[in-house]
Amino acid sequence: MNEQKFAELAAGHAMNALSPADLESFESALAQHPEWTHIVQSDAAIAAGLAEGTPPVAPPLAMRSTLLSMIAALPQDARDVDDTHDADEQQDAGAPPVHAVAPLEQAAEPPASTGEFATTTDFFATVDQTRPVEPPTTTSGIQAIARRNWSKGLFSLAASLVLLVAIGFGAVNLNQWIGRSPAVVALNEIESAPDAQAATVEIADGEGVATAHWSGSLGKAVLVTEGLPTLTTAQTFEMWFVRDDGTPISAGTFAEPGEATTLLAGTIEVGDTIAITVEEAGGSPSGLPTTDPIVAIPTV
């Protein structure tokens, strides 16, 4: 027998699951190869750990008494059915019952042995004299079981509510994550870039600030503005990349006054100046700024 086959038998031995033939093979191999004892010890330790890790489960309090009551109430064979029927007829006629069982404390001796019990009732009377029967569950016991079941239900309900709340918050956060604007997504990317930079200047009228975030490796720039002036319906804000040589390149328009987070269209180059001008609705028709910039942020 090789070591692999012995290891398989050792696992079955640890679980007490070997057939007589396998058990004989296991013991014979172990006697021939005492160096395999560590396999047996390891499997035994694992089996013991599995047993210790299983929590004991107590049966219901009233299981035994309920089961015995059900057995006592059922006829055991056809003769018992006939005896019970005869006893019912005699009782209806005013005659004493056929099988009157004395209380346990009054039963001094079991019925004479005749090779079989006369009735099922006699059998249980004999059992009662030799082995105590579990008393029926008391009112306090029933109340304890009810309280325990109610507590389990309450904890289950609480756990369900916690789960629903967690799912609700998760759904809100997921919706917020999915519903992020391209500008917010780009801002997160820029802030995570190793060459991320930012600069803040005051808006020309002195009532707000503008912060530019950019990354040369990503070629992206985002403007975060606060306190921009209110425009008329015929005006818009236009953003520009102003190259080193002074050439302005339009980077898109937006019309939100106050606070705004806007992604500049196009690719930023290191050394550009990010500017904002006020143009007519739709942007400058000539493709060049028509007013002085209200924001100018160098990216050097």
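Residues numbered from 1 in each chain as written. Predicted model: local features only at pLDDT ≥ 70, side-chain atom pairs only at ≥ 80, totals over all residues. Heavy atoms only, no water.

### Thoughts on the packing of aromatic side chains
Geometry of an aromatic ring pair is reported as the spacing of the ring centres plus the angle between the planes.
Thought 1: Following the criterion strictly, the structure yields three aromatic pairs and no others.
Thought 2: Ring centres 4.9 Å apart and planes at 40° place the aromatic pair F6 and W36 in the tilted group. In this pair, F6 is assigned in helix α1 (residues 3-14) and W36 in the loop between α2 (20-32) and α3 (37-52), connecting sequence segments 30 residues apart. In this pair, the class of F6 matches that of W36, namely buried.
Thought 3: Clustering of aromatic rings is evident, with ring pairs tying together F6, F26 and W36. (Phe/Tyr/Trp six-rings, centres within 6.5 Å; stacked < 30°, edge-to-face > 60°. Helix = DSSP H or I, 4+ residues; strand = E, 2+ residues; numbered from the N terminus. Buried < 20%, exposed > 50% of the residue type's maximum accessible area, 1.4 Å probe, protein only.)

### Some remarks on the nonpolar core
Thought 1: L223, F237, L264, I274, I276 and I294 are the most contacted members of the largest nonpolar core, which has 22 residues in total.
Thought 2: Residue assignment for this core shows that the elements contributing at least two residues are β2 (209-215), β3 (220-228), β4 (235-242), β5 (248-254), β7 (273-280) and β8 (295-298). (Core = buried A, V, L, I, M, F, W, Y, C linked by side-chain atoms within 4.5 Å.)

### Focus: the sheet that holds β7
Thought 1: In spatial order, the strands read β5-β4-β7-β8; together these four strands make up an open sheet with antiparallel pairing. Edge positions in the open sheet fall to β5 and β8, since each of these has one partner strand only. Averaged over all pairs of adjacent strands, the angle between strand axes in this sheet comes to 25°, irrespective of strand direction. (Pairing = 2+ DSSP bridges. Axes fitted to C-alpha atoms, helices over the stretch in contact; angles between N-to-C directions.)

### Here we look at the confidence of the model for the protein chain
Thought 1: With 63% of its residues at a pLDDT of 70 or more, the protein chain has an overall mean of 75.
Thought 2: When mean pLDDT is compared element by element in the protein chain, β4 scores highest at 95, while helix α6 (residues 120-130) scores lowest at 48.
Thought 3: For residues 113-121, every residue scores under 50 in pLDDT, and the model assigns this stretch 13 contacts once sequence neighbours within four places are set aside.
Thought 4: Per-residue pLDDT stays below 50 along residues 123-129; that stretch engages in 14 contacts with residues further than four places along the chain or on separate chains. (pLDDT = per-residue confidence, 0-100. Contact = heavy atoms within 4.5 Å.)

### A few points about the pattern of salt bridges
Thought 1: One pass over the structure, following the stated rule, counts three salt bridges.
Thought 2: Put simply, K220 and E189 hold a salt bridge, and the shortest N to O gap is 2.6 Å. With K220 in strand β3 and E189 in helix α8 (residues 182-192), this pair connects stretches of sequence that are 31 residues apart.
Thought 3: Exposure remark for K220: the relative accessible area of 29% places this residue in the partly exposed category.
Thought 4: Under the relative-accessibility criterion, E189 is labelled partly exposed at 34%.
Thought 5: Notably, a salt bridge pairs D272 with R243, separated by 2.3 Å at the nearest N-O pair. Of this pair, D272 sits in the loop between β6 (258-263) and β7 while R243 sits in the loop between β4 and β5, placing them 29 residues apart in sequence. When sorted by exposure, D272 lands in the same class as R243, which is buried. (Salt bridge = Lys/Arg side-chain N within 4 Å of Asp/Glu carboxyl O.)

### A word on the sheet that holds β3
Thought 1: What the four strands build is an open sheet, ordered β1-β2-β3-β6; its pairing is antiparallel. The open sheet terminates on both sides in strands that have one partner only, identified here as β1 (197-202) and β6. Taken over all neighbouring pairs, the strand axes of this sheet differ in orientation by 10° on average, direction set aside.
Thought 2: As defined by bridge partners, β1 adjoins β2 across six bridges and the pair is classed as antiparallel. Directly across from V201, in β2, lies its bridge partner A210.
Thought 3: Lying on the sheet, α8 is in contact with β2, β3 and β6; it crosses β3 at an angle near 115°.

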